[in-house]
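# Working through the structure, step by step
Spelled out, the chains give:
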Amino acid sequence: MRKLYFVFVIALILTGSTAAFGQRSAVMKPINQFVNGFNKGDMQSAMAACSEATAIIDEFPPHTWSGAGACQKWVDDYVADAEKNGIKDGVVKLGKPSHFEMTADHAYVVIPSNYTYKQKGKRVAQIGSMFSFSLNKGANGWAITGWSWSTK
């Protein structure tokens, strides 16, 4: 009887771990879509990971974007800033999330990240930056509702 109880407890633990992994993977999907789209220069794919109303904080002017269409406004300003400053070939590499919280339909994820690019032909690297995301789960799955980029 004890062996059966032990097997049952282990099965419950493994089932819970598998479910948690699946939920975590679902939360990470729009984050990975956003970063992969950005890295490929496919801003349309990146923007599809955002909810309609998003809040963004980033290191270039105007530094904050919020409300309806904020992700597209950020793209427009990013492109303008990159052109102005001779920035090309930007790539973000995500590390392993250092903080992950999730309830039924809200999530918060902090990910150590690196950003490399060429500025006027010279390679530049922002190592050890932090990418923080808030997400909500809606009828179509998880979507980014806010994000911020912080350099070290």
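Let me begin by describing the structure that accompanies this report. (Residues numbered from 1 in each chain as written. Predicted model: local features only at pLDDT ≥ 70, side-chain atom pairs only at ≥ 80, totals over all residues. Heavy atoms only, no water.)

## Some details on the state of the cysteines
Applied cut-off: Cysteine sulfur pairs qualify as disulfides if the two atoms are within 2.5 Å. In this description a helix means any DSSP run of H or I spanning at least four residues, a strand means any run of E spanning at least two, and both kinds are numbered starting from the N terminus. Exposure is judged per residue with a 1.4 Å probe applied to protein chains only, and the accessible area is read against the type maximum: over 50% gives exposed, under 20% gives buried, and values in between give partly exposed.
One pass over the full model with this rule turns up one disulfide. The partner cysteine of Cys-50 in its disulfide is Cys-71, sulfur to sulfur 2.1 Å. Between Cys-50 and Cys-71 the disulfide shows an S-S torsion of about -80 degrees. By sign, it is left-handed. On the criterion of sequence distance, the pair formed by Cys-50 in strand β1 (residues 50-57) and Cys-71 in helix α3 (residues 70-85) is long-range, its members being 21 residues apart. For the pair Cys-50 and Cys-71, a shared accessibility class is recorded, and that class is buried.

## A word on the pairing of strand β2 (residues 64-68)
We count it as follows: Between any two strands, at least two bridges found by DSSP are needed for them to pair.
With five bridges joining them, β1 and β2 adopt antiparallel strand pairing. Among the inter-strand pairings, Ala-53 is bridged to a residue of β2, identified as Ala-68. Turn length for the β1-β2 hairpin, with the two strands adjacent in sequence and antiparallel, is six residues, and the turn residue His-63 shows positive phi of about 75 degrees.

## A word on the layout of surface pockets
Let me state the cut-off plainly: Using protein atoms alone on a 1 Å grid, points that fit a 1.4 Å probe yet trap it form a cavity, whereas open point sets bounded by protein on both sides within 12 Å along at least five of seven lines form a pocket; residues with an atom within 4 Å of a point count as lining. Grid points are joined across faces, edges and corners, and a volume is the space filled by probe spheres set on the points. Side-chain classes follow a simple rule in which Ala, Val, Leu, Ile, Met, Phe, Trp, Tyr, Cys and Pro form the nonpolar group, Asp, Glu, Lys and Arg form the charged group, and the remainder, Gly included, forms the polar group.
Space inside the largest pocket adds up to approximately 270 Å³. Taken together, 19 residues form the lining of the largest pocket, with Asp-58, Glu-59, Phe-60, Tyr-78 and Tyr-115 sitting closest to its centre. The element best represented in the lining of the largest pocket is α3, accounting for four residues. The class makeup of the residues in the lining of the largest pocket is 13 nonpolar, three polar and three charged.

## A word on the packing of aromatic side chains
How we decide: For Phe, Tyr and Trp, where Trp contributes only its six-membered ring, two rings pair if their centres lie within 6.5 Å, and the inter-plane angle classes them as stacked under 30 degrees, edge-to-face over 60, or tilted in between. Should the NZ of a Lys or the CZ of an Arg lie within 6 Å of a ring centre and within 35 degrees of the ring normal, that charge is described as sitting over the ring.
Tallying each qualifying case throughout the model produces 16 aromatic pairs. For the ring pair Phe-34 and Trp-147, a centre distance of 5.4 Å and an interplane angle of 50 degrees mean the geometry is tilted. Taken together, the residues span a long stretch of sequence, with Phe-34 in helix α1 (residues 2-40) and Trp-147 in strand β7 (residues 141-150) at a distance of 113 residues. Ring pairing ties together the aromatic residues Phe-34, Phe-38, Phe-60, Trp-65, Trp-74, Tyr-78, Tyr-115, Tyr-117, Phe-131, Phe-133, Trp-147 and Trp-149, which thus form one cluster. The aromatic ring of Phe-100 is capped on one face by Arg-24, whose charged end is 4.3 Å from the ring centroid.

## Let's talk about the side chain of Ser-132
Among the structural elements, Ser-132 can be located in strand β6 (residues 122-138). Residue classification places Ser-132 among the buried positions, given a relative accessible area of 14%.

## Regarding α3
Basically, it comes down to this: Between the first and last residue of a helix there are one fewer steps than residues, each counted as 1.5 Å, and that sum is the expected span. Read the arc as the range of directions from the helix axis to the C-beta atoms.
The terminal C-alpha atoms of α3 lie 22 Å apart, and with 16 residues this matches the ideal 22 Å at 1.5 Å per residue to within 8%. Every buried residue of α3 is listed here: Ala-70, Cys-71, Trp-74, Val-75, Tyr-78, Asp-81 and Ala-82. Burial along α3 is one-sided: seen end-on, the buried residues are contained in an arc of 140 degrees. The exposed set on the far side of α3, more than 90 degrees from its buried face, consists of Glu-83 and Lys-84. Taken from the residues just after α3, Gly-86 is the one with a positive phi, measuring 65 degrees.

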